[in-house]
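Take a look at the letters that make up each chain.
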Amino acid sequence: MLNLIPLLKEVAIFRELRVTELVKIAEKMQRYAFVAGERLCEEGAPGGEALGIIESGYVNVTVKAAAANEEKILTTLGPAATFGEISLLTGETHSASIIAISNGVLYRIKKEDFDAVIKEIPALGLFLGRVISKKFRDSLQVGKGLARKNKIIAVVSAEKGLGKSTLIANLATSLSRQTGGKTIAIDLNYSAGSLASILNLQTPLSLHKFIQSGQSFSFADLEAATVRHPQGLNVLGIMEEFRGDALSQNFLPQLLEIPAGDPGLMFKVLAEAAEVVLLVSPQIEKFADTVDFIKFLKQGDGDLDRKLKLVVQSDGRIAAATKKQFEKLLRLPVSEIVPYDGVLADLFSISATPFVASHPLSEISQVVNRLARELGGIKIGLALSSGMAPGLAHIGVLKVLERAKIPIDILSGSSGGSIFAAGCAAGIPAIHMEKMACEFYRKFLWVYADFAFPFYSGLIRGDALFSFFGKFLKEAEFSDLKVPLKIVASDLQNGEPVVLDEGKVNVAIRASVSVPGIFSPVKVKGRFLVDGAAISPVPVSVLQQSGANIVIAVNVNSPLNDQSARPNIFDVVMLSRAISAYRMAELDSARADVVIKPETTDFRWRDYARAKEIIKRGEAAAEKAVSRIKDILSVFSLR
């Protein structure tokens, strides 16, 4: 039943569950094939028998209309949509009918089996409550649209010359490889320099002849005109008269290259698209034009803000804006900044081989691959725990993940883990972090431990530490990082967790590592912040809340084994902290899909001199977990 895991991860009530928990649910699912016109559920009929999850096909949700023998369609449901939750929970009769409008497959889980699962996984009941509350709100609205597994992704640029066709060719290749789905890139601007031509592909069937002669053409004609590139993507060069209805049932997903000179066609495609990738110039002087273009697009699609993925195509000029500048001036989040690589661009134009295939480890390929995973519904998060000296094991874990080429789309860190999460997010190789860590900890007491006199809110001011983090990260802000990062700290005055993801990264790290009593708190936006480990030693939940559907947690917290003959004040504070952190870390990491737990029991909190040994422990633990991670990735890629 592993083939059901990707489907279950798309279902709202199951989205935050671990893969091991999803397996338990999948084992109780029963497959049912339905046909167009079949009534799967009747309004007013006894409820509470089963929860239905659609794998393929579409159904209408209807209620009886005032006129006799008429039904009113409330909405249409597609793949990953559910029905029957409210009746399942309340036992009341069904409030609507479910009528199939196409052939398809759904999975059912009976009430008794669902109740048994909730007893094993109590959090499932909470998630179910959230979904039902949302459904009650949504029931007041009509025509919410389709929850589609097969989807159209429209790609449009604010101006010519930004490399839209190059981006689409590489995105489509990456999507095909990472999702395992049948991906088609549809070139609606079939001409010299467009997608089909730069890939050196020509369609064997000239569809414009059908259009000019007035002949009709079927999906078979479209499929015959589709050409498969050696790297796995399907390409269809087609005239503007095309309507994408037929292809939406057969390809996952589609990327449409939209010609900028035809507003009517552009608006038509934007309305049907599930997501819109807007490629924009990095030049500050063109910001006003970009804002105007976005306003223009919104005229044709009022839902554009929800769909929009803003991608900046860097051109190598000095005047290029930063991500933060873009987000501030455009008042929209920037998904990615695609770096400029003239050498790979030239190679692509000569070989017609997308660079994500020819040079997968290049910076530009990693950015495109991350965007492709986001569009394909795969987001991999890595949470690094607190841990003082044992936290050096994080470096060993990162070394192994780099060697195994495990992609990371978002990171989180708490306390000491925030240092290494920030390094990874900034693109610093783990081997460089290892060298810096050894140098830092040799100097810690003599250079970076700036004791406060008189003592007020902490023994160490932390100014020198703050300066070191700034140099380590080159004074980076969160918007400058290559991978999104969430750093967790604790509000000293109300005990609430605080997620830091904007401003200077070294400020956030300094706050997250501020062990109460040892380091002075850090004041951020009027709040006094201290050690993230006080509330969330393994920040898994923040990744899940940020959309990660595969979470890898590294937990270096271990049971106490300190044999100090006479603990000093630092020992007392650190060991007291470790007692509570260990238990919370076990609870936090239990929510992850994969937990990497290096063996650090025999290391004390201050054993920084044993850095190389600790890093080796991290490597050993990660090596054991790599096969498990790849197994989960293979399930999500549908391969």
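Refer to the preceding data block for the structure.
Now for a description of the structure that goes with this document. Just so you know, the residues in each chain are numbered from 1, in the order the chain's sequence is written. Given that the model is predicted, a residue must reach a pLDDT of at least 70 before its local features are reported, and side-chain atom pairs must reach 80 or more before they are shown or counted; all residues, however, enter totals for whole chains, interfaces and linings. Side-chain numbers here rest on the full set of heavy atoms in the structure, without hydrogens or water.

## Overview of the sheet that holds strand E8 (residues 104-110)
In step 1: When DSSP finds two or more bridges between two strands, those strands count as paired. Strands are runs of DSSP state E lasting at least 2 residues, helices are runs of H or I lasting at least 4, and numbering of each runs from the N terminus. On the basis of which strands lie adjacent, the open sheet formed by 4 strands has the order E1-E8-E3-E6 and antiparallel pairing. Two strands in the sheet have a free side with no partner beyond their single neighbour: strand E1 (30-34) and strand E6 (82-83).
In step 2: Across 5 bridges, the pairing between E1 and E8 is antiparallel. Paired with tyrosine 32 across the strands is leucine 106, a residue of E8.
In step 3: Here helix H4 (residues 111-120) sits on the sheet and contacts strand E3 (50-56) and E8; the angle it forms with E8, its principal contact strand, is near 65 degrees. Contacts: residue pairs with any heavy atoms within 4.5 Å of one another. Axes, fitted as lines to C-alpha atoms, cover a helix only where it is in contact. Angles between the N-to-C directions of the axes lie from 0 to 180 degrees.

## Digging into the packing of helix H17 (residues 393-403) against helix H18 (residues 416-425)
In step 1: Orientation of H17 relative to H18, taken along the N-to-C sense of each, is 30 degrees, at an axis distance of 9 Å. What the angle tells us is that H17 and H18 run roughly parallel. Classified by chirality, the crossing of H18 by H17 is right-handed. Across from His394, Ile395 and Leu398 in H17, the residues of H18 making contact are Gly417, Phe420 and Cys424.
In step 2: Here the term charged refers only to Asp, Glu, Lys and Arg, the term nonpolar to Ala, Val, Leu, Ile, Met, Phe, Trp, Tyr, Cys and Pro, and the term polar to all other amino acids, Gly among them. Taken together, the residues of the contact of H17 with H18 break down into 4 nonpolar, 2 polar and no charged. For classification, angles of less than 35 degrees are called roughly parallel, those exceeding 145 degrees roughly antiparallel, those between 65 and 115 degrees roughly perpendicular, and all remaining angles oblique. Should the near helix be turned anticlockwise from the far one by less than a right angle, the crossing is termed left-handed; should it be turned clockwise, right-handed.

## Observations concerning the pairing of strand E17 (residues 380-384)
In step 1: Counting buried residues along E17, 5 of its 5 residues qualify, which places the element largely inside the surrounding structure.
In step 2: Where burial is concerned, the two faces of E17 agree: the one with Ile380, Leu382 and Leu384 and the one with Gly381 and Ala383 are both buried.
In step 3: Bridge analysis of E17 against strand E25 (residues 550-554) gives 5 bridges, and the strand direction is parallel. Note that in E25 the partner of leucine 384 across the bridge is valine 554. Relative accessibility thresholds used throughout: buried, under 20% of the residue-type maximum; exposed, over 50%; partly exposed, between the two (1.4 Å probe, protein chains only).

## Description of the sheet that holds strand E2 (residues 39-41)
In step 1: Read from one edge of the open sheet, 4 strands run E2-E7-E4-E5, paired in antiparallel fashion. Looking at which strands have only one partner, the edges of the open sheet turn out to be E2 and strand E5 (71-77). Strand-to-strand twist in this sheet, taken as the mean axis angle between neighbours without regard to direction, amounts to 35 degrees.
In step 2: In terms of strand pairing, E2 meets strand E7 (residues 97-100) through 2 bridges, oriented antiparallel. Among the inter-strand pairings, cysteine 41 is bridged to a residue of E7, identified as isoleucine 98.

## Things to note about the packing of helix H6 (residues 164-179) against helix H16 (residues 363-375)
In step 1: Following both chains from N to C, one finds H6 and H16 inclined at 60 degrees, their axes separated by 9 Å at the closest point. Accordingly, the angle class assigned to the pair H6 and H16 is oblique. Taken as a pair, H6 and H16 cross one another with a handedness that is right-handed. Mapping the contact onto sequence places Leu167, Asn170, Leu171, Ser174, Leu175 and Gln178 in H6 and Val368, Asn369, Leu371, Ala372, Arg373 and Leu375 in H16.
In step 2: Of the residues contributing to the contact of H6 with H16, the split by class is 7 nonpolar, 4 polar and 1 charged.

Just distances and angles here, no functional claims.
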